[in-house]
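Survey of secondary and tertiary structure
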Amino acid sequence: MTGWILYIDRVKNSPHVNYSVRRMVESAQDNGVNLRVIHPDQLELVVGGPGAAVLVDGKPEALPDFVMPRLGSRTSPFGMAAIRHFEGLGVCCVNGSAGVAVAKDKMATMQVLAAAGIAVPRSLLLKFPADAELVERAIGFPAVVKLLSGSQGSGVLLAKEKKEFADIMGLVEGVRPGANLLAQQFVASSSGTDLRVMVVGRKAVAAARRSSSSSFKANLSQGEGGQVEAYPLDPALEELALRITRAVGLEVAGIDLLFGPEGFLVCEVNSSPGFRVIELSAGLDLPQILFDHIRQSLGPAHKTGAEHA
Ligand SMILES: Nc1ncnc2c1ncn2[C@@H]1O[C@H](COP(=O)(O)OP(=O)(O)O)[C@@H](O)[C@H]1O
Ligand SMILES: [Mg+2]
């Protein structure tokens, strides 16, 4: 089985700095996978007429059996076009473009989940100049302010009261007019904790409770005071995670849930979830689980040598 991971980060020309990508690259051979990590900039996408539809570094390439986009919230219009291109060519994409597009946009995620009857924190898409009075009426303070496309907590902050919110908006408007922001109900009962559930195919494979002692944001690295512990999966939690994954249109998802006073509220859904938290807390081998899932989706022609024998 051949696969391409679409991935952006590079440090000194090594694309393997990211824990999850490195784990997949290291595990590929043992799982019978010929895996390449490809930066979207290496791709040329060609539509119509004879000749290759995909060039890598300017040269025609045979298409892989699967493509795994790991661009997450940084999926550019080109990255999105690449995923759509592979889908159009019949390449198995895990995840596909529709789900990646929803997951990379926190407003779109809240919209599809609310439409599916799944509980989300009350959220307001902000316009400029931002109306602090309106936010006070619609959401209340403290309110969480977040970039529509952020990750690892960098675009998320807490505005404790109306004046602080107005100050933040003044700064944002000066620095980045037209920024895409959401004001969101602060789920105080979950402050500093959240629940990450990892879904692969039609199964929730593990859950981990993340917490931080130094911030309302639970997704801090260990060095910043973040902690992780395994959390039991029960049928109700698994059912919720699968409903969320289906509503967003993903196959593989990292779901962040907040502990609300009356049950879980969905914080966000990640289309290229990191493996570290789940592997360390649940002792799972996620590359193996993912490769097995992809092999199953591809069908019998892609069994490993051992399975053929
Ligand atoms: N509405 C909220 N109420 C309480 N905590 C929140 C809320 N939204 C986010 N958080 C906290 O902030 C963290 C980061 O927010 P999230 O939306 O997941 O952004 P990121 O894309 O950076 O992961 C979450 O893991 C959670 O701990
Ligand atoms: Mg998150």
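Our subject in this report is the structure included herewith. Predicted model, so just to flag it, every value in this text is computed and none were measured.

**Describing the pattern of salt bridges**
As enumerated under the stated definition, the model contains 13 salt bridges in all. Close ionic contact of Arg-23 with Glu-279 constitutes a salt bridge, the shortest N to O distance being 2.7 Å. One end of the pair, Arg-23, is in helix H1 (residues 19–28); the other, Glu-279, is in helix H8 (residues 276–282), with 256 residues separating them in the sequence. Across the pair, Glu-279 and Arg-23 agree in class, each one buried. Here Asp-194 ties to Arg-210 by a salt bridge, and the two come within 2.7 Å at their closest N and O atoms.

**Re helix H7 (residues 235–248)**
Taking 1.5 Å of rise per residue, the 14 residues of H7 would be expected to cover 20 Å, and the 20 Å separating its terminal C-alpha atoms lies within 8% of that figure. Among the residues making up H7, those that are buried are Leu-237, Leu-240, Ala-241, Leu-242, Ile-244, Thr-245 and Val-248. N-capping of H7 is provided by Asp-234, with a side-chain oxygen placed 3.1 Å from the backbone N of Ala-236. One or two positions beyond H7, positive phi appears at Gly-249, with a value near 90 degrees.

**Some words on the site of ligand 1**
Around ligand 1, a shell composed of 22 residues is seen, among which Lys-106, Lys-146, Gly-153, Asp-194 and Glu-268 lie nearest. Here Val-187 contributes a backbone N or O atom positioned 2.9 Å from a nitrogen atom of ligand 1. Coverage of ligand 1 by the protein amounts to 99% of the 540 Å² it exposes when considered alone. Of all the elements in the fold, those that place two or more residues in the shell around ligand 1 are strand E9 (143–147), strand E11 (181–185), strand E15 (252–260) and strand E16 (263–270). Residues belonging to the shell around ligand 1 are distributed by class as follows: eight nonpolar, seven polar and seven charged. Two domains each donate at least three residues to the shell around ligand 1, and these are domain 2 (122–186) and domain 3 (190–284).

So, how was this worked out
Residues numbered from 1 in each chain as written. Chains lettered and ligands numbered in written order. Predicted model: local features only at pLDDT ≥ 70, side-chain atom pairs only at ≥ 80, totals over all residues. Heavy atoms only, no water. Salt bridge = Lys/Arg side-chain N within 4 Å of Asp/Glu carboxyl O. Helix = DSSP H or I, 4+ residues; strand = E, 2+ residues; numbered from the N terminus. Buried < 20%, exposed > 50% of the residue type's maximum accessible area, 1.4 Å probe, protein only. Expected span 1.5 Å × (residues − 1). Polar contact = N/O pair within 3.5 Å; in protein donor to acceptor, adjacent residues only side chain to side chain. Near = heavy atom within 4 Å. Areas by Shrake-Rupley, 256 points an atom, 1.4 Å probe, with all protein chains shown as cover. Nonpolar A, V, L, I, M, F, W, Y, C, P; charged D, E, K, R; others polar. Domains from an automatic or database assignment.

That is the geometry; function is a separate question.
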